[in-house]
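# Tertiary structure, described
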Amino acid sequence: MAALVFLAVVAPGAALADPPTRNLTFKSQKNDYAPAPGGQNYSACWSYIHRDGREYAAIGVNGLTFSTGGTAIYNVTNPAAPFLAGFIPGPQSIWREMKSYRDWIYVVTEGGGTGYGLQIIRMTNPDSPVLAATYNTNFNLSHTVSVDTTRGLLVCNGTRNLSGNATGMRILALNNTGIGATPETPVEIAWWPGGAIPVSSSEYIHDSVPIGNRLYASSIYPGIQRVLDITNAAAPTEIASWNYPGGFTHNAWPDATGNWLYVTDETKGEPLKIFDISNLGAPTLANTITSNPQSIVHNAHVSGAELFLSNYTEGIRVLDLSDPCHPAEFGWADSYPGPSGGYGGVWAVAPWVSRRRRYAAAAAGKSAVRIASVTSARALASSVLMTGCS
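Not measured: the values here are computed from a predicted model. (Residues numbered from 1 in each chain as written. Predicted model: local features only at pLDDT ≥ 70, side-chain atom pairs only at ≥ 80, totals over all residues. Heavy atoms only, no water.)

### Some points on the overall build of the protein chain
A tally of helices and strands in the protein chain yields zero helices and 31 strands. A buried classification covers 60% of the 390 residues belonging to the protein chain. Intrachain contacts of the protein chain at a sequence separation of at least 6 include 54% that bridge at least 24 residues. Per element, the accessible surface of the protein chain, about 13,800 Å² overall, is 52% carbon and sulfur. (Helix = DSSP H or I, 4+ residues; strand = E, 2+ residues; numbered from the N terminus. Buried < 20%, exposed > 50% of the residue type's maximum accessible area, 1.4 Å probe, protein only. Contact = heavy atoms within 4.5 Å. Areas by Shrake-Rupley, 256 points an atom, 1.4 Å probe, with all protein chains shown as cover.)

### Re the pairing of strand β14 (residues 166-173)
Of all eight residues that make up β14, eight are buried, and the element is covered over most of its length. The sheet contact formed by strand β13 (residues 153-160) and β14 spans six bridges and is antiparallel. Across the sheet, Cys 156 pairs through a bridge with Arg 170, a residue of β14. Between β13 and the antiparallel strand that follows it, β14, lie five residues; Gly 164 among them carries a positive phi value of about 90 degrees. Bridge count between β14 and strand β15 (residues 187-192): five bridges; the pairing is antiparallel. Counterpart to Ile 171 in the pairing with β15 is Ala 190. (Pairing = 2+ DSSP bridges.)

### Some remarks on the confidence of the model for the protein chain
Mean pLDDT over the protein chain: 87, with 86% of residues reaching 70 or higher. In the predicted structure, residues 374-390 sits below a pLDDT of 50 and forms 59 contacts with residues beyond four places in sequence or in another chain. (pLDDT = per-residue confidence, 0-100.)

### Thoughts on the sheet that holds strand β6 (residues 70-75)
The strands making up a sheet are joined through hydrogen bonds of the backbone, oriented either antiparallel or parallel. With antiparallel pairing, four strands are arranged side by side in an open sheet as β4-β5-β6-β7. The sheet terminates laterally at β4 (42-49) and β7 (83-89), the two strands that pair on one side only. Each neighbouring strand pair of the sheet contributes to a mean axis angle of 20 degrees, computed without reference to strand direction. Inspection of the sheet shows β4 paired to strand β5 (residues 55-61) by six bridges, in the antiparallel sense. Note on β5: the bridge partner recorded for Ile 49 is Glu 55. (Axes fitted to C-alpha atoms, helices over the stretch in contact; angles between N-to-C directions.)

### So, the environment of Ile 220
Tracing the backbone through its elements, the reader meets Ile 220 in the loop between β17 (214-219) and β18 (224-229). Linking Ile 220 and Phe 248, residues 28 residues apart in sequence, is a C-alpha distance of 4.9 Å. Ignoring any residue separated from it by four or fewer positions in sequence, one finds Ile 220 in contact with Tyr 204, His 206, Phe 248, Thr 249 and His 250.

### Points about the pattern of salt bridges
Within this structure, the stated rule accounts for nine salt bridges. In this structure, the salt-bridge partner of Asp 52 is Arg 54, at a minimum N-O distance of 2.9 Å. On the basis of relative accessibility, which here comes to 38%, the residue Asp 52 falls in the partly exposed class. Measuring nitrogen to oxygen at the nearest pair gives 2.9 Å for the salt bridge that ties Arg 226 to Glu 238. Remark: Glu 238 occurs in strand β19 (residues 237-243) and Arg 226 occurs in strand β18; sequence separation between them is twelve residues. In this structure Glu 238 comes out as partly exposed when scored by relative accessible area, which is 32%. Look at the salt bridges and you will find they share partners, linking Asp 52, Arg 54 and Asp 127 into a network. (Salt bridge = Lys/Arg side-chain N within 4 Å of Asp/Glu carboxyl O.)

### Describing the sheet that holds strand β25 (residues 306-310)
Strand order in the open sheet formed by five strands is β2-β27-β26-β25-β24, with antiparallel pairing between adjacent strands. The sheet is open, and its two edges are formed by β2 (21-22) and β24 (299-303), each paired on a single side. Relative to strand β26 (residues 316-320), β25 runs antiparallel, the two sharing five bridges. By the bridge assignment for β26, Glu 306 is matched with Asp 320.

### As for the packing of aromatic side chains
Summed over the entire model, instances satisfying the criterion amount to seven aromatic pairs. Their ring planes at 45 degrees and their centres at 6.0 Å tell us that Tyr 48 and Tyr 56 sit as a pair that is tilted. For the pair Tyr 48 and Tyr 56, one class covers both residues: buried. Here the aromatic rings of Tyr 312 and Tyr 343 are separated by 5.3 Å at their centres, their planes lie at 85 degrees, and the arrangement is edge-to-face. One end of the pair, Tyr 312, is in the loop between β25 and β26; the other, Tyr 343, is in the loop between β27 (328-333) and β28 (348-352), and 31 residues separate them in sequence. Residue Tyr 343 is classed as partly exposed on the basis of its relative accessible area, which comes to 43%. Each residue in the set Trp 242, Tyr 244 and Phe 275 is aromatic and connected to the rest through ring pairs, giving one cluster. Lying over the aromatic face of Trp 46, Lys 99 brings its terminal NZ or CZ to 4.6 Å of the ring centre. Directly above the ring of Trp 191 sits Arg 170, whose terminal nitrogen or CZ lies 4.3 Å from the centroid. (Phe/Tyr/Trp six-rings, centres within 6.5 Å; stacked < 30°, edge-to-face > 60°. Lys NZ or Arg CZ within 6 Å of the ring centre and 35° of its normal.)

Rendered as structure tokens:
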């Protein structure tokens, strides 16, 4: 048995009723930044766990006006009684992404208003978070951000300057005294693909995740999944790339063995793709899976032996990876009451391991923050549709 907590947001126009769930128990909800009727005012999310065990969820707030965007940080240590610990203002934007490293949260957006740039939030006193610095060297805007907590690397994906020119994927050191890099004074050590600016759309990296010495990078516009060798993070080298039918490569995450890769395309009717990458010289599409053929799978994240999907109108889905080629769904929470296939519902889910719970997760959607506790039985599976896979 596993326990899971998630902080979630429901879709535009949805009433704040308890969402239907399977192996999840609704606990509470917050909606401190309510959108206009039928609109959205939240985006992505991530987690932060303080060294004393207190747990936090950071949620992007779009901003109903030019000056009201930013990042809301909730103390979710008691999931039945979450409270707003702080709000860090930032540019108005429907996209805001964040990741945590030690006692800091790094926030990026494509908004070019007041406060633009990579925001560095200090969490040493987590119930009073502060904006410690804003980074604007070589780029000003970024679509997503990734972090290697082991090596102290921050990866800013889909970056641009204020002129709107694509400036590539940027790799920053967060903890390298030899070059003066600290968590509050990052230093860029590399960028990909290099060469001339603007970077072509065929080499634009929408999202990435660094795992060990590999960086799994998703090029959304050409529908290409890439794998880079970052053994030397100052000189990233592409070691594999491939495309596939229906590709609008949005995000990817490997399983714990590194032999399987779960890829999403953020396109209606496109299922989650499962690639066998045990031989990077010849990746093969081994399986596809969907909870509803009309739905849109947005993001995939692996935590331990579980796969967490933010599935827009189908909510949050949790799958068992005991058989990594045949994930078995055992838990879900669906906060969106409308028809399947649109962009309402759950935008992001951020699973993490805590002292109090085996798993916790923050799930962000568009119009109200929700918190639930989940008890999952892996034996309860699986109502999803699967094809292929030998």
